[in-house]
Amino acid sequence: MQKPDVAIINGEIIDGTGELGFRGHVVIDGGRIAAVCDDQEAIPEARRLIDARGRAVTPGFIDPHTHVGLYLLESPMQEVYLRQGVTSLVTGNCGSSVIPGPLSAHAAYRGESITGRLLDRGFEWEDLHGYFQALRTVGGTGLNTGVLLGHGYLRWLVMGRASLNRPMTDSEMARALELVDEGMSQGALGMSTGLSYSPGLYADMDEVVELLGPVRAHGGVYATHIRYEGGYGFANPSSYARAVEEALETARRARVRLQISHLDMGVTADCYEIVARARADGQDVTVDTIPKSTGYVLDRPSTVNSLMGECESFFNRSVEEFEEVLAKLDSHPDVAAELRDSGFLKQSPRDGLIANSGDPRLEGRTVEQAAGILGLEPNTYDVVLALLADDRFTGGFMFGTRRDDRKPPYPLPGVIAHPFLCPGSDVIGRDVVDPFARYDVFRAGTFPIFLRYCLKRGVILEESIRRMTSLPAQSMGISERGLLREGYRADVLIFDPFKLRYPILDDLNYDHPARSAEGLDWSFVNGAAVIEEGYLTGSRPGQALSGFPLS
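The rules behind the values
Per chain, residue numbering runs from 1 following the sequence as it is written. Side-chain atom pairs in this predicted model are given and counted only at pLDDT of 80 or more, local residue features only at pLDDT of at least 70, and totals for whole chains, interfaces and linings cover all residues. Each side-chain value is derived from all of the structure's non-hydrogen atoms; neither hydrogens nor water enter the calculation. Secondary structure follows DSSP: runs of H or I at least 4 residues long count as helices, runs of E at least 2 residues long count as strands, and numbering of each begins at the N terminus. As used in this structure description, the phrase polar contact means that two N or O atoms lie within 3.5 Å; if the pair is within protein, one of them must be able to donate a hydrogen and the other to accept it, and residues adjacent in sequence are counted only when both atoms belong to side chains. Residue contacts follow a heavy-atom distance rule, with two residues in contact if any of their heavy atoms lie within 4.5 Å. Nonpolar cores are built from buried Ala, Val, Leu, Ile, Met, Phe, Trp, Tyr and Cys residues. Side-chain atoms within 4.5 Å join them into one set. Whether a residue is buried, partly exposed or exposed follows from its accessible area with a 1.4 Å probe, protein chains only, as a fraction of its type maximum: under 20%, in between, or over 50%, in that order. Strands are treated as partners if at least two bridges between them are detected by DSSP. Orientation is described by axes fitted as lines to C-alpha atoms, over the contacting stretch for helices, and by angles from 0 to 180 degrees between their N-to-C directions. Here, a salt bridge means any side-chain nitrogen of Lys or Arg that lies within 4 Å of a carboxyl oxygen of Asp or Glu.

Participant: Explain the side chain of arginine 467 to me, and be specific about the residues and the numbers.
Facilitator: Inspection of the secondary structure assignment puts arginine 467 in helix α17 (residues 461-468). In this structure the side chain of arginine 467 is engaged in a polar contact, spanning 3.3 Å, whose partner is the backbone oxygen of alanine 417. For arginine 467, the residues in contact, after removing those within four places along its chain, are Ile416, Ala417, His418, Pro419, Leu421, Cys422, Pro423, Phe450, Cys454, Val459 and Pro472.

What follows is the structure, given as structure tokens:
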């Protein structure tokens, strides 16, 4: 009899179901789990034997909410995810995705620097299969990847600038439905919306419901960045509640599973109670949350892109044109009016931080403090635009406070106890060319931080692991993953749950963003070790979650 590949013995088996763990053994062979049992005598001799005594053996973690689709082509290992135990991720959230349609169209839609670099390297695709083939050409990925179809990009693809000011025509809807059906047929997990962003905020419920028809037919999920900005007003508890109700009603009408994206654990407990009532009534709905965040640090180009994204007059126009207007804003009162109304420049100057500027007068100062130094009015609009107009300014901005610094306490009491809540990093891929371009110092620790919150608030370890494994697998419709079960794909972790950590606050600062989680001993992806005794192996065994091979 041929020896199996790996036998993991004497570990605390936490299988992802939420049931109590037990001391036992896991056998891996041919990329799948061959056995899970508590009888060591039943374990055959294997090519590799790992004694996991004193450590947990769990399924790999699944991140249902990321934005790293393009960045996988530049950084296919994604060490920041592997280090925290993530073996599968889902990209294409918030209505923005790498497909359908060609990369060149995506470049025109978002104007991101990475699309230009990828086009210069010869990348191009027309559909999901083409995107997965592109991942193959870079030698595969370190983890498994699933893709959602972005409604905002889809809307722009069939409507162009008209997507900003009117509903779809019948012919446009027909074309959009073809693209959704094609993407789902090729293995997309579902469709996402970004109802706070242009052009998604111009879509009504009827449009979204109709586009979810092919998603339902293929058993997909509806993931939504709810309409709490733009449509209803930002950070108003009653607005969040109305937006949650809208998402629930959309999914009920479309008869699809619902994933509510990055619902804040500190805004209002009422939103979680609304979801709990919907689940009690039989609706299939789950929620992901960012457990800890400062908000992103944006370098100068990223800040310009963010401001441009809030000016509808510059939708699908070049960054160069926008920068020319910024330099002569007094001559463009229409654009100045748009910027005054932008959410970015309405943020409190007390919550804004200047980072990586190279100017000791400004470095680490709040925007309000910088206003005093520069002799400007103490508001975000004047300070940010004045610094962007200065060619010598090379720094960036961060707006926001750590969520656990808020009053009342964060997370709100009882919120993290909800069994339908899982973590999602919402990471916008860290640029490997310039890691300072856009980053949040905490999101690289999403899963260890969520685990720590759970254990601190009385959620038992087995249930905490379920929230990071089988729960997102079920909500995203990912088969054969998320559980330690015979025949399932062998995405397996070995670690001490009380040693898996993200660097403490004293170890983190905005000058050194490239930190990773610590404490993971072993990680297997499809049966291949990607982390071995704490070290990356360099192996790239990741697969498309639709089954498309990436290596």
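Participant: I'd like a rundown of the nonpolar core, residues and numbers included.
Facilitator: Ranked by size, the top nonpolar core spans 134 residues in total, and within it Trp125, Tyr131, Phe322 and Leu339 carry the most contacts. When residues of this core are assigned to their parent elements, the largest contribution, eight residues, is made by helix α9 (residues 237-254). Setting aside anything within four residues of it in sequence, one finds tyrosine 131 in contact with Gly69, Leu72, Val98, Ile99, Trp125 and Val147. Residues Ile8, Ile28, Tyr488 and Val492 belong to the second largest nonpolar core, which totals 18 residues.

Participant: Account for α17, naming residues and giving values.
Facilitator: Counting buried residues along α17, eight of its eight residues qualify, which places the element largely inside the surrounding structure. For α17, the complete set of buried residues consists of Leu461, Glu462, Glu463, Ser464, Ile465, Arg466, Arg467 and Met468.

Participant: Explain the sheet that holds strand β16 (residues 421-423) to me, using residue names and the numbers behind them.
Facilitator: Strands pair in a sheet through their backbones, by hydrogen bonds, and they do so in one of two ways: parallel or antiparallel. Pairing within the open sheet is parallel, and its nine strands lie in the order β16-β12-β11-β10-β9-β8-β7-β6-β17. One side of each edge strand has no neighbouring strand; the edge strands of this open sheet are β16 and β17 (427-428). Here strand β12 (residues 285-289) runs beside β16; their pairing, made up of three bridges, is parallel. Directly across from aspartate 288, in β16, lies its bridge partner cysteine 422. Most of the contacts of helix α10 (residues 269-280) go to β12, to which it runs at about 155°, and overall it touches β11 (257-260), β12 and β16.

Participant: Explain the pattern of salt bridges to me, and be specific about the residues and the numbers.
Facilitator: Pairing between side chains of opposite charge can happen when the charged atoms of each approach one another. A complete count under the given rule lists 24 salt bridges for this structure. Arginine 48 is the salt-bridge partner of glutamate 532, the closest N and O atoms lying 2.9 Å from each other. With glutamate 532 in strand β21 (residues 528-532) and arginine 48 in strand β4 (residues 48-51), the pair connects residues that are 484 residues apart, well separated along the chain. The exposure class of arginine 48 is partly exposed, given its relative accessible area of 32%. For the salt bridge of arginine 467 with glutamate 463, the shortest nitrogen-to-oxygen distance reads 2.9 Å. Of this pair, arginine 467 and glutamate 463 both sit in helix α17, four residues apart, which is roughly one turn of that helix. The class for arginine 467 is buried, based on a relative accessible area of 1%.

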